[in-house]
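Report on the structure
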Amino acid sequence: MKPQRLPALRMLPRWLPILAFAVVGGLSFWVAQMLAARGFSRGLTNDLIGMVLLGASAKIDTAQIISAYPPITYLAMLSLQKVTGLQGLAAARLLTALLAGALGAAWMASLLRARYKPLRAVMFVGLLVLNPLFLRAVAGGPEFMLVLWGTWLLAANAFTLRATGGVNALILFSAALVILMFSMLLGAVFALAAMPFLLLAVPADIKGRSHVSAYMVLLFPIGFSLISFAFVNWLLLHDALAFVPRRLYEVNLRSDGIWPKAAMAAALGVISMPILTGLIARTRTRRLIHAPALGLAATLPLAGALAILLGATESITAPLSPAIALSAAVAARWPLEVGRSRRVAVLLFAGVVGGCFSLFLDSSNALFRDALLGSTRPERQNGAGQLGHFLAGRSGVLFDAVTYPAVVAARGSAEGLITSADDVFSLSLLRKRIEPAAVSVAVAAPDPSRNADAISRIFPDFYDAGVPGFRLVYDRDGWRVWSRDLKREAQR
């Protein structure tokens, strides 16, 4: 007779996803705090945090709130800030931890459904979460977590759609593309890289002449979403492409070293997901698994190269983070066979080694790597960060915050700023005279490659000479702050 398991052990698998949510979420929050304490802050989220601070303080118009990109991350952070009262970086860390915890719970549930033993499922989730690429995604903030969510949904449902052609899998597969497109620019690049390989997820019994129709069905949600978002931008901001990040207009494919860097990102994309390579080699004769695996294996290297070429990131490691979500989906889809758990464990551990190799090879992640290894050193603030710290606590600051939200993020609050949503701002530009309520004015240095902010367009000489009654109080890294000379006005 087989020994009877204790009731507590029978109930254990049901509680494991909840436990994974708590542990992974708590670990993610601690990692973010630890990295910040050691001098690594999330530069990629600064614009998002700034826009959320402006939106929560009613310092931007409703039109700018509705048309803000990325809309999914922005609305999620804005809602969390309204509910919890947390602001800025604290809200971003909490949302990152919640998304990471939910992702860990989803991975645990999928592994248990795949008939792995509970302890092995725990080990696999641990290998995924402790991979440096996952920790890099945690450091990247809620946008990266949404990219991992979109990647995992895309990969998991690619296998299901190929095998069953189910409606639910089709809906989730198409929804994953929408999540990727509207989570952040790197997610949009990953969705773009996946599009040439979508047919590999289509059921094999669909005839060749129906492939165009299949493409239209798969791409309809993302196409409709993009057209709708462009229409909203045109309707509210009179520019259908206002949501397109400015750095995409500054792409220079002839810049030194960009092509070797893109090639390195593609190569590291292959190294970072050995479990997917192993699945392809193991299932050469099983087309229902082999075909979608090929498509996913080609997507990540292409996405890494495109991210560098399009200027979506300067880091080679950042666009490789979706490899963790792909590995989680592959582990759950590995076919039942003798020695399955051992093979999956070895390949996931190889993924950890590959993630470490990528992290140490990428010099642009030196600060993150040092912070992860325990080194504490101050991170050099850019011009926007330095200006934000200077403006902290000051009130009556006239500033085009919508154009430079990273300054608001570094300042930590939008209170005390006079922005385009305030009458003082509008009257100052309309009358071409700084209103008395504005104590200080912050302006950026003119840049011929970019459109000037609203203040510089109306006052083209403000950066160089200010206006009568104002004196220069800050001049650093392309930013100047002119403050009203209150003593001189009092003498008058």
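Residues numbered from 1 in each chain as written. Predicted model: local features only at pLDDT ≥ 70, side-chain atom pairs only at ≥ 80, totals over all residues. Heavy atoms only, no water.

One can find Arg-93 in helix H5 (residues 88-113). You can call Arg-93 buried: its relative accessible area is 15%. A distance of 2.7 Å separates a polar atom in the side chain of Arg-93 from a polar atom in the side chain of Gln-33. (Helix = DSSP H or I, 4+ residues; strand = E, 2+ residues; numbered from the N terminus. Buried < 20%, exposed > 50% of the residue type's maximum accessible area, 1.4 Å probe, protein only. Polar contact = N/O pair within 3.5 Å; in protein donor to acceptor, adjacent residues only side chain to side chain.)

Let us now look at helix H18 (residues 383-391). Helical periodicity: at 3.6 residues per turn, an α-helix aligns residues three or four positions apart in one direction. Counting buried positions along H18 yields 7 of 9 residues, so the element is predominantly enclosed. Among the residues of H18, those classed as buried are Gly-383, Ala-384, Gly-385, Gln-386, Leu-387, Gly-388 and Leu-391. Looking at the buried positions of H18, the neighbouring elements they touch are strand S1 (397-398), helix H19 (405-411), strand S3 (440-444), strand S4 (470-476) and strand S5 (479-484). Phi turns positive one or two residues past the end of H18, at Gly-393, with a value near 85°. (Contact = heavy atoms within 4.5 Å.)

Attention now goes to the environment of Ala-438. If you trace the backbone, Ala-438 turns up in the loop between helix H20 (423-431) and S3. The class of Ala-438 is buried, set by a relative accessible area of 0%. C-alpha of Ala-438 to C-alpha of Gly-25: the two residues are 413 residues apart in sequence and 43 Å apart in space. Each residue touching Ala-438, except ones within four places of it in the same chain, is listed here: Gly-396, Leu-398, Ile-418, Val-424, Phe-470 and Arg-484.

Quick look at the sheet that holds S3 now. Judged by pairing direction, the sheet is mixed, and its 5 strands sit side by side in the order S2-S1-S3-S5-S4 without closing on themselves. Looking at the sheet topology across the chains shown, the edges are occupied by strand S2 (417-418) and S4. The sheet contact formed by S1 and S2 spans 2 bridges and is parallel. Looking across to S2, one finds that Val-397 is bridged to Leu-417. Each of S1, S3, S4 and S5 touches H18; the most contacted strand, S5, lies at about 20° to it. (Pairing = 2+ DSSP bridges. Axes fitted to C-alpha atoms, helices over the stretch in contact; angles between N-to-C directions.)

One finds Tyr-74, Trp-107, Phe-134, Trp-152 and Phe-399 to be the most contacted residues of the largest nonpolar core, which totals 146 residues. Broken down by element, this core gets its largest block of residues, 14 residues, from helix H8 (residues 142-164). Among residues more than four places away in sequence, those in contact with Trp-107 are Val-125, Leu-128, Phe-134, Trp-152, Ile-324, Ala-325 and Ala-328. Counting 16 residues, the second-largest nonpolar core is a separate cluster that includes Val-441, Phe-459, Tyr-463 and Val-467. (Core = buried A, V, L, I, M, F, W, Y, C linked by side-chain atoms within 4.5 Å.)

Turning our attention to unusual backbone geometry. The omega torsion of the bond from Tyr-69 to Pro-70 falls at 5°, within 30 degrees of zero and hence cis. Within the element layout of this structure, Pro-70 appears in the loop between helix H3 (62-66) and helix H4 (71-84). Backbone geometry places Lys-432, a non-glycine residue, at a positive phi of 55°. With respect to the helices and strands, Lys-432 occurs in the loop between H20 and S3.

Taken as a whole and judged by the stated rule, the model has 14 aromatic pairs. Ring geometry for Phe-462 versus Phe-470: centroids 6.4 Å apart, planes at 70°, classification edge-to-face. Per residue, the accessibility class of Phe-462 equals that of Phe-470, and both read buried. The rings of Tyr-69, Phe-182, Phe-229 and Phe-243 are connected pair by pair, giving a single aromatic cluster. Over the ring of Tyr-463 we find Arg-480; its NZ or CZ atom is 4.5 Å from the centre of that ring. (Phe/Tyr/Trp six-rings, centres within 6.5 Å; stacked < 30°, edge-to-face > 60°. Lys NZ or Arg CZ within 6 Å of the ring centre and 35° of its normal.)

This part takes up the environment of Ala-323. Mapped onto the fold, Ala-323 is located in helix H15 (residues 322-333). Not counting residues within four places of it along the chain, the set of residues in contact with Ala-323 comprises Leu-133, Ser-272, Met-273 and Leu-300.

Attention now goes to the pairing of S5. In terms of burial, S5 is largely enclosed, as 6 of its 6 residues are buried. The alternating pattern of S5 places Trp-479, Val-481 and Ser-483 and Arg-480, Trp-482 and Arg-484 on opposite faces, both of which are buried. The pairing of S3 with S5 spans 5 bridges and is classified as antiparallel. Bridging across to S5, Val-441 finds its partner in Trp-482. Hairpin connection, S4 to S5: the antiparallel pair is bridged by 2 residues, and Asp-477 has positive phi, about 50°.

Next up on the list: the side chain of Glu-435. With respect to the element layout, Glu-435 can be found in the loop between H20 and S3. Each residue touching Glu-435, except ones within four places of it in the same chain, is listed here: Val-424, Leu-427, Ser-428 and Arg-484.

Taken together, the side chains of Ile-66, Phe-231, Trp-234, Leu-235, Leu-236 and Leu-237 make up a nonpolar region of the molecular surface, amounting to roughly 570 Å² of accessible area. With 5 residues, helix H11 (residues 211-237) is the single largest residue contributor to the nonpolar patch. Mapped onto the secondary structure, Leu-237 falls in helix H11. (Patch = residues over 30% accessible without salt bridge, like charges linked within 9 Å, V, L, I, M, F, W, Y side chains within 5 Å. Areas by Shrake-Rupley, 256 points an atom, 1.4 Å probe, with all protein chains shown as cover. Salt bridge = Lys/Arg side-chain N within 4 Å of Asp/Glu carboxyl O.)

Moving on: the confidence of the model for the chain. When pLDDT is averaged across the chain, the result is 86; 92% of the residues are at 70 or more. For the stretch residues 488-492, pLDDT sits under 50, and the model shows 1 contact to residues farther than four places along the chain or on other chains. (pLDDT = per-residue confidence, 0-100.)

What follows deals with the pattern of salt bridges. Taken as a whole and assessed by the stated rule, the structure comprises 6 salt bridges. Of the charged contacts, one joins Asp-422 and Lys-59 as a salt bridge, the two residues approaching to 3.5 Å between their closest N and O atoms. Placement of the pair is Asp-422 in the loop between S2 and H20 and Lys-59 in the loop between helix H2 (46-56) and H3, with a sequence separation of 363 residues. Among the ionic pairs, Asp-475 bridges to Arg-480, the shortest N-O distance being 3.3 Å. Under the relative-accessibility criterion, Asp-475 is labelled partly exposed at 44%.

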